[in-house]
Amino acid sequence: MMDQALQHLVNGTVLGGTYALLGIGLTLIFGVMRVVNFTHGELYAFGAYMVYALVSLLGLNFYLSLVLATLLGVALGALVELVLLRPLRHADIDSVMLVMIGAALVLQNTEMWVWGGVAKMVPTPFVGTPLVVGPVSVLPLRLFVFAVAVALLVGFWLLLDRTRIGTAMRATFQDPQTASLMGVRVGLVHTMTFALGSGLAAAAGALLGPVFVVSPTMGDLVGLKAFAIVILGGLGNLPGAAIGGFALGYVEEFGAGYLSTEYRDAFGFLLIILVLAIRPQGLVAARERIG
Amino acid sequence: MRYFLPWAFLALLAAVPILLPDPYTLSVLASAGIFIIGAISLNLLLGYTGQLSLGHAAFFGLGAYASALTTLGFDIGIGFGQRITLAPQPVWFGFLAGIVVPALFGWLLGRLAFRVRGAYFVIITICFAQVLRLLTLNWVELTQGPMALSGIPALSLWWPGLDAPIALFRKDQIYWLVLAVAAVAFLLVRQVVRSRIGRALVALRENETLARSVGIRVTHYLVIATVISAGIAGAAGSLFAHSVRIVDPDVFLFIYTVTMVIMVVTGGKGTLWGPVVGGLLFGPLPDLLRGSAPPEAQWIAYGVAMILIVMFLPRGIVPAVASLWPRRAAAKPAAVAVEAEG
C-alpha cells in the first residue's frame, strides 16, 4: 500500500515537471500580454513532431534534435506573434481569443495534413528497462525528461530574475504603461515573451513526444491541461503555474491509481471547475482581478 | 417592407424542397439548419451577454444524448445494487428531454461559471464540455462509450387526434421540421432580446459595473440567458440525434463549438440575423468540400476565416451590410441602432 503510494508520488513528480513547463509558458504569455493562448497545445504538438522529423527522418542526434525542436518552437512563436498578435495589440481580449482559436485550428490541421493521422513513435537512446530503487521503478527516459524539465524551469527563472530582458518582462507584467515610459520596448518584450512561452511548450512536447506517441490531436488535451494548470495557480502567476503543474501531475496519478484509470484525464477538468467554484482566484494567488 | 422581408425569406426557405427536390441537397441544408439553430442559441450568450461561452457543444451533445437515451431506453446500475430503468419513450418525449436536460445543466453551469468573467469563464465552459465528453466516452453502460448509440428512432410528428405518430424518414420532411424549429428558435431569441431580459443583458454587456449599480441582477439574468440558450442548443442536438440516428462522444468536441462560434462571429454577433447569415455561409461548407479536398482543408478554411473576420470585419457581415445602407440609417437611426446593438 505504502509502496504503491510512493510509486504514484514518483510518477506524479515526473509528470508534474513537464506540466509545470507547459503552465509557466502559458501563464507568462497571459501575464505579460493578456492573451489567452489557444495555440499553446499546438506548439506542444509542433515540438513533438519536430523531434520526430529530426530524429526519424533526418537521422540527427536525439539530444541535438531536442534543442533544435525547441528553437523551431521559439521561431514559430515569434512568427505567430508578429503576424497575428502585433496588429491586434489594442483589440479586446475576446477578439484575440477568437483569432488564437483560428490559429490553433490552422496549426493543428496543417499538422494532420502534413503528417497524417497515424501516431508516430520517436526512437530514443535510452534503454527500455526501468531503474528499480527499493519499491519504486522508473524508466530512464522519464528520469531524463524530468531532469531537463527542472533544468529548464531553473534556467527560465534565472532568465527572468537576472537578465535585462527578464527585468523588462517583469516590468511589462506589472504595468505596461509605466514600463513603456521607462524606456522598455513593449513590442519587443511581447514578441520575446510569446516566442519564449511557445519555446517552453515546444520543449515540453519534444520531451514528452518520445515518452508517449506523437499524434496530430495530442495538442488538444494538452492545451486544455495547460489551462487547468494555470487556473490552479491563478492566471498570470508564475510560481502558481509551477505548483499547479505538479498538483495536476499528482491529481492525475493518484486519481488514476486509486479511483479510476478511465477518468484520468477528467480529474484535471473537474479540479478546475471545483477550484473556480470555490476559490476563483486560484489556489496560490492571494488577490487578483478576475473580472 | 422591412416587416415582410423575413417572412418572404422564410417562405423561400420553405419552398426549397419543392423547387429543388434533390435528397442530397436537402440533407446538406438540414444539417446546416441544425447548426444554425445551435448558432442562434449561442448568439444569445456570445452576442447579447458578451460572454464568450466556448462549451456550447456541451448543450448540443447533452440534447443529443438525452433525446437518444430517452427514446432508446436504458438500464443502469447506480451502486448499492440499485438500478435505474427507463423503457423506450416516443420521440416527441425524447425531444422534450433533449430540451429540458441541457436547460438544467445550463442552470447549473450558469450558477457556477458566472462567478467569474473573461478568460476564467471561457476556460470553465471549455472544461465543462470536456468533462462531458470524457464521461460519455467512459460510462459505457449508459452511453456505449466510443461504440456510439446507434439505431436511434427517426423523428416523428404527432398531434391530438392522430392514432399513431408519423415517422419522418424523407429528407424533405426532416428539412421542414428543422426549418420550423429554427424559425421558433429565432422568434424565441428575438422575443427574449426585446424583453426586459434582453435589455438587462445588453446593459451588462456594455458596462457591468454600471448595470449592477442601477440594480440589475446580473447573475440572475445571465443564468436565465444560459438556460434558454442551452435549451435551444439541446433541441438542435435532439434533431441531430434523430436525423443522423447515431450519436458518439465526439458531439462534445471543441470543434463543434468552434463551428457555431464562427457562424455567429462571421454573421455578426449580437444581431438577430447574424447566426443565420453565418450559418448559411459555413453550414454547407463541409459537404461542399467533402469530394474535392481532405477534411483538414475545411478546418483550415474555418481557422483562416475566423482570423480574417476578426481582423478585418470585427463586427461581422450583418452590421457591415446594414451600415452600407445610409439612406435607411439617416431615416431611421433608432431602428438601425437597435438592429446593430441588439
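Residues numbered from 1 in each chain as written. Chains lettered and ligands numbered in written order. Predicted model: local features only at pLDDT ≥ 70, side-chain atom pairs only at ≥ 80, totals over all residues.

## What to know about the overall build of chain A
- Looking only at helices and strands, one finds 11 helices and two strands in chain A.
- Compactness check: chain A gives a C-alpha radius of gyration of 19 Å against a globular reference of 19 Å for 291 residues, within 12% of the reference.
- Overall, chain A is about 60 × 50 × 35 Å in size when its C-alpha atoms are taken along their principal axes.
- Considering chain A as a whole, with its 291 residues, one finds that 51% of them fall into the buried category. (Helix = DSSP H or I, 4+ residues; strand = E, 2+ residues; numbered from the N terminus. Rg over C-alpha atoms; globule rule 2.2 N^0.38 Å. Buried ≥ 20, exposed ≤ 12 C-beta atoms within 10 Å, placed from the backbone.)

## Quick look at the overall build of chain B
- The helix and strand tally for chain B stands at 17 helices and six strands.
- Its C-alpha radius of gyration of 20 Å places chain B within 12% of the 20 Å reference for a compact globule of 342 residues.
- When its C-alpha atoms are laid out on the principal axes, chain B stretches across 65 × 50 × 50 Å.
- For chain B, the proportion of its 342 residues judged to be buried stands at 48%.
- Pairs at least 24 residues apart make up 76% of the contacts formed inside chain B by residues separated by at least 6 positions. (Contact = placed C-beta atoms within 7 Å.)

## Let's talk about the interface of chain B and chain A
- Contact residues are listed per partner, giving 32 residues for chain B and 35 residues for chain A.
- For the side of chain B that touches chain A, the elements supplying multiple residues, two or more each, are α5 (118-138), α11 (254-267) and α14 (295-312) of chain B.
- Residue contributions to the side of chain B that touches chain A peak at 13 residues, all from α5(B).
- Here the residues of the side of chain B that touches chain A are counted per class, giving 25 nonpolar, four polar and three charged. (Nonpolar A, V, L, I, M, F, W, Y, C, P; charged D, E, K, R; others polar.)

## Details of the confidence of the model for chain A
All names here are of chain A.
- Confidence along chain A averages 85 in pLDDT terms, with 96% of residues attaining 70 or more.
- For chain A, per-element mean pLDDT is lowest for helix α11 (residues 264-278), which scores 76, and highest for helix α3 (residues 62-85), which scores 94.
- Note that residues 286-291 has pLDDT below 50 and, in this model, 10 contacts with residues that lie over four places away or in other chains. (pLDDT = per-residue confidence, 0-100.)

## Quick word on the packing of helix α10 (residues 238-259) of chain A against α11(A)
All names here are of chain A.
- Where α10 contacts α11, the axes come no closer than 8 Å and their chain directions differ by 130°. It follows that α10 is oblique to α11 by the angle criterion. Considering the relative orientation of α10 and α11, their crossing is right-handed. Packed against α10, whose contacting residues are L248, V251, E252, G255 and A256, the element α11 presents R264, F267, G268 and L271 at the interface. (Axes fitted to C-alpha atoms, helices over the stretch in contact; angles between N-to-C directions. Parallel < 35°, antiparallel > 145°, perpendicular 65-115°, else oblique. Left-handed = near helix turned anticlockwise from the far one by under 90°.)

## Notes on α14(B)
- A rise of 1.5 Å per residue sets the reference length of α14(B), with its 18 residues, at 26 Å; its end C-alpha atoms lie 26 Å apart and thus fit the reference within 8%.
- All of the buried residues in α14(B) are B:Q298, B:W299, B:I300, B:Y302, B:G303, B:M306, B:I307, B:I309 and B:V310.
- Those residues of α14(B) that are buried are in contact with α3 and α4 (93-115) of chain A together with α11 and α13 (285-290) of chain B. (Expected span 1.5 Å × (residues − 1).)

## Some details on helix α8 (residues 196-206) of chain B
Residues and elements named next belong to chain B.
- Of all the positions in α8, only G198, A200, L201 and L204 are classed as buried. Within α8, the buried residues cover an arc of 160° as seen down the axis, which keeps them to one side. Across α8 from its buried face, at more than 90 degrees, point the exposed residues R196 and E206.
- The inward-facing, buried residues of α8 contact α2 (23-49), α7 (171-194), α9 (208-213) and α10 (218-244). (Arc of directions from axis to C-beta.)

## So, the packing of helix α2 (residues 40-57) of chain A against α3(A)
Residues and elements named next belong to chain A.
- α3 packs onto α2 with a crossing angle of 140° between their chain directions and a minimal axis gap of 8 Å. One element, α2, and the other, α3, form an angle in the oblique class. As for how α2 packs across α3, the hand of that crossing is right-handed. Where α2 approaches α3, its residues L43, F46, G47, M50, V51, L54 and V55 are matched on the opposing element by F62, S65, L66, L68, A69, T70, L72, G73, L76 and G77.
- Residues belonging to the contact of α2 with α3 are distributed by class as follows: 12 nonpolar, five polar and no charged.

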